[in-house]
Amino acid sequence: TQQQYIRNFSIIAHIDHGKSTLADRIMEMTETVDERERTDQLLDSMSVERAHGVTVKSRTVRNYYTADDGHRYELNFIDTPGHVDFSYEVSKSLAASEGAILLVDAAQGVQAQTVANFRLAKANGLTVLPVLNKIDSPNADPDRVERQVRALDPSMETAKIMRISAKTGEGVSEVLAAIIRQIPAPQGSRDQPLKALVFDSQYDTYKGVIAYLRLFDGHLETGRTLRLMANSTNFVSDEIGTFAPSMQACEQLEAGDVGYVVTGLKDPTQVRVGDTLTLDSQPTQRALPGYAPAQPMVYAGIFPKSGDSKELAAAMAKLVLNDSSLTCESEQSDVLGSGFRCGFLGAFHLQIIRERLHDEFGIDVLTTAPNVPYRVHLRGAKAGQVVEVDRPTTFPDYSEIDYVEEPFARVDISMPGSALNDVMKLAEQSKGTLVDLGDDDQLLLASYHMPVSEIAYDFFNKLKSVSHGYATMNVTMEDFEPADVVKVEIYINYARVDALSFVLHREDAPRVAQELVHKLKYAVPRRLYPMPTQAVVEGRALARVDIPPLRKNAAVNGEKRSTSKKQALLRRQSANKRAAAQSDIELPQSVFNAILEAE
Ligand code: GTP
């Protein structure tokens, strides 16, 4: 296809505003999928996506559409995920497009992520087409929502705002026409040296790494030596192709096209998302800007529940490739054996990875309580040194610490006015400082400055619950700031259990320590002898319980015995007490969940 007949675009929206439904509708109305191949939601194919009903990973599809002018246009669209944890994926798809459809639910209206994604698209210089969806819904109030969209930005004041129902198909052909009329065709030149953005990648057991490309300049055929510019990795590809919507091999990709290249590389780390692909014999002068690498918000240990850490290693390597926002290093634990320390965009991301390990690789894992990264400034002999700590086990001893910094984020929350009081209360409990409060046509937007540790695990669910489902949020990472945090160590039967250590704000330590030891009383598998369990901060035990022994209860087992016999039995049982070696304590997932719940 000649460049002037190509349009590359993304669909951006708040979660559940209908991106996948619109994508399906577009595919149906263009020459992409025939009726037989259709399943309910073609695009959300990963099984976790079906299970949660949300899009996790961006997808790319090529469609052909014959417009009113009689020309056949190639429409490449990239569907983007909408959950709070996944805005990183959104920015990747935007870098590969010239335009974006901003889809807004005509009933729910503009939400925190609508605003965030709109700003991201603008910052990437994209043409934004505003579209109100779900106008068939009885709760739709398109006039009100249109006013909210117009208030986003001066460019929206005069924009044409389309009204559609992705469900019934009403108005969708207008969207197709607007894409062709308003989104610019790609600009690059076919005659320049090859310059392509790797905007995503995937691992195939037989083919190795498959890189998703957006060609900005030049052209690409099979059989040529290609170069990934970041590490000067060379390879010869024997397959290139497009997404239609499944991968379809083709002869050639040209400037403006979106497609894939089978690299044949078996080491997932050699292909970095954001890298520039060029020709080895005729390289482009300058690499594309790429992306800032994703910054993990939470870290957690992942360990195989049973047996083989090799299988887990292979699976993690593939997931890291498939999901460039996931980071992963090996970790050794006294109790849990060898596993990985992984960085995630948030708690939901962690849950998705657990489920993908189960669904796609058949591996069940144990995950430790997540933590945020800390910057620890040392004193004494090591004064002036700063250590980056991504796990509680390497958190320095308190005697060595000058001060600690933790990451903060800006949290933008949108909500109806009726939820404001409860949301403010929650944000204050979560150590948030209000920095901005705006009110635009029944859309309340409150912005908070908050420690990431307070929002990374459960804040989103709490927010949903205090606002009866109406509040939505968007998180933007900000800088590290000093924080008064301490490490809590758990001792079971006088032995420290490393895997159970965690870091939290000093003021919360006494309460959490109490709650936790009481939860551990029921979560740690019992032994024949009682096990004292303590939560220790800076050498001082803040809380203690005894995990009761596993035994026939001599006192109440119904048999008639004399008191002295009962006492003799109890004495014998307590004589069985033995100090447990640290490594033979068994830790089921419920133990780590207890830490999370207490926090
Ligand atoms: P994520 O992928 O999770 O970000 O969601 P999404 O934006 O892709 O939303 P999705 O297409 O999955 O739609 C969310 C819900 O809205 C589904 O239950 C759809 O059936 C429904 N929906 C989508 N479009 C319309 C519409 O035009 N009218 C009505 N009434 N419902 C719609």
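Structure shown above.
The structure presented is a predicted model; accordingly, all values stated were derived computationally and were not measured. (Residues numbered from 1 in each chain as written. Predicted model: local features only at pLDDT ≥ 70, side-chain atom pairs only at ≥ 80, totals over all residues. Heavy atoms only, no water.)

Engineer: Before we go on, may I ask you to explain helix α1 (residues 19-29) in this structure?
Structural biologist: Burial of α1 is extensive: 8 of the 11 residues sit out of reach of the surface. Among all positions in α1, only K19, S20, L22, A23, D24, R25, I26 and M27 are buried. (Buried < 20%, exposed > 50% of the residue type's maximum accessible area, 1.4 Å probe, protein only. Helix = DSSP H or I, 4+ residues; strand = E, 2+ residues; numbered from the N terminus.)

Engineer: What is the right way to read the sheet that holds strand β8 (residues 208-217) from this model?
Structural biologist: Hydrogen bonds along the backbone pair up the strands of a sheet, which may run parallel or antiparallel. Strand order in the open sheet formed by 8 strands is β11-β10-β16-β7-β8-β15-β12-β13, and the pairing between neighbours is antiparallel. Sheet topology places β11 (233-236) and β13 (247-250) at the edges, where each strand pairs with a single neighbour. Averaged over all neighbouring strand pairs, the angle between strand axes comes to 40°, with direction disregarded. Bridge count between strand β12 (residues 239-243) and β13: 4 bridges; the pairing is antiparallel. (Pairing = 2+ DSSP bridges. Axes fitted to C-alpha atoms, helices over the stretch in contact; angles between N-to-C directions.)

Engineer: How should the state of the cysteines be read in this particular structure?
Structural biologist: Note: disulfide means a covalent bond formed between the sulfur atoms of two cysteine side chains. Under the defined criterion, the tally for this structure stands at 0 disulfides. The closest cysteine sulfur to the non-disulfide-bonded C328 is located on C342, 3.7 Å from its own sulfur. (Disulfide = S-S within 2.5 Å.)

Engineer: Honestly, the sheet that holds strand β18 (residues 327-333) in this entry has me stumped. Any pointers?
Structural biologist: Spatial ordering of the open sheet is given by β18-β19-β17-β20, a layout of 4 strands whose pairing is antiparallel. The open sheet has two edge strands with one neighbour each: β18 and β20 (365-367). The sheet shows a mean angle of 30° between the axes of neighbouring strands, taken without regard to direction. Two strands pair when backbone bridges link them, and β18 and strand β19 (residues 337-344) are joined in this way by 7 bridges, in the antiparallel orientation. Its bridge partner lying in β19, E329 is registered against R341.

Engineer: Looking at this structure, I do not really get the pairing of β19. What am I missing?
Structural biologist: For a regular strand, the rule is simple: side chains alternate between the two faces of the sheet. Burial within β19 is extensive, with 6 of its 8 residues counted as buried. Two elements, strand β17 (residues 298-304) and β19, share 5 bridges in a ladder whose sense is antiparallel. Residue pairing in the sheet places A300 in a bridge with C342 of β19. Counting the residues in the hairpin turn of β18 and β19 gives 3 residues.

Engineer: Could you clarify how one ought to interpret the packing of α1 against helix α7 (residues 172-182) in this entry?
Structural biologist: The angle between the axes and the distance between the axes are what describe a pair of packed helices. Remark: α1 packs on α7, axes separated minimally by 10 Å, with the N-to-C direction vectors making an angle of 80°. Considering the angle they form, α1 stands roughly perpendicular to α7. Residues L22, R25, I26 and M29 of α1 lie in contact with α7, whose contacting residues are V172, S173 and L176. For the contact of α1 with α7, a count of residues per class yields 5 nonpolar, 1 polar and 1 charged. (Parallel < 35°, antiparallel > 145°, perpendicular 65-115°, else oblique. Contact = heavy atoms within 4.5 Å. Nonpolar A, V, L, I, M, F, W, Y, C, P; charged D, E, K, R; others polar.)

Geometric values such as these leave the question of function open.
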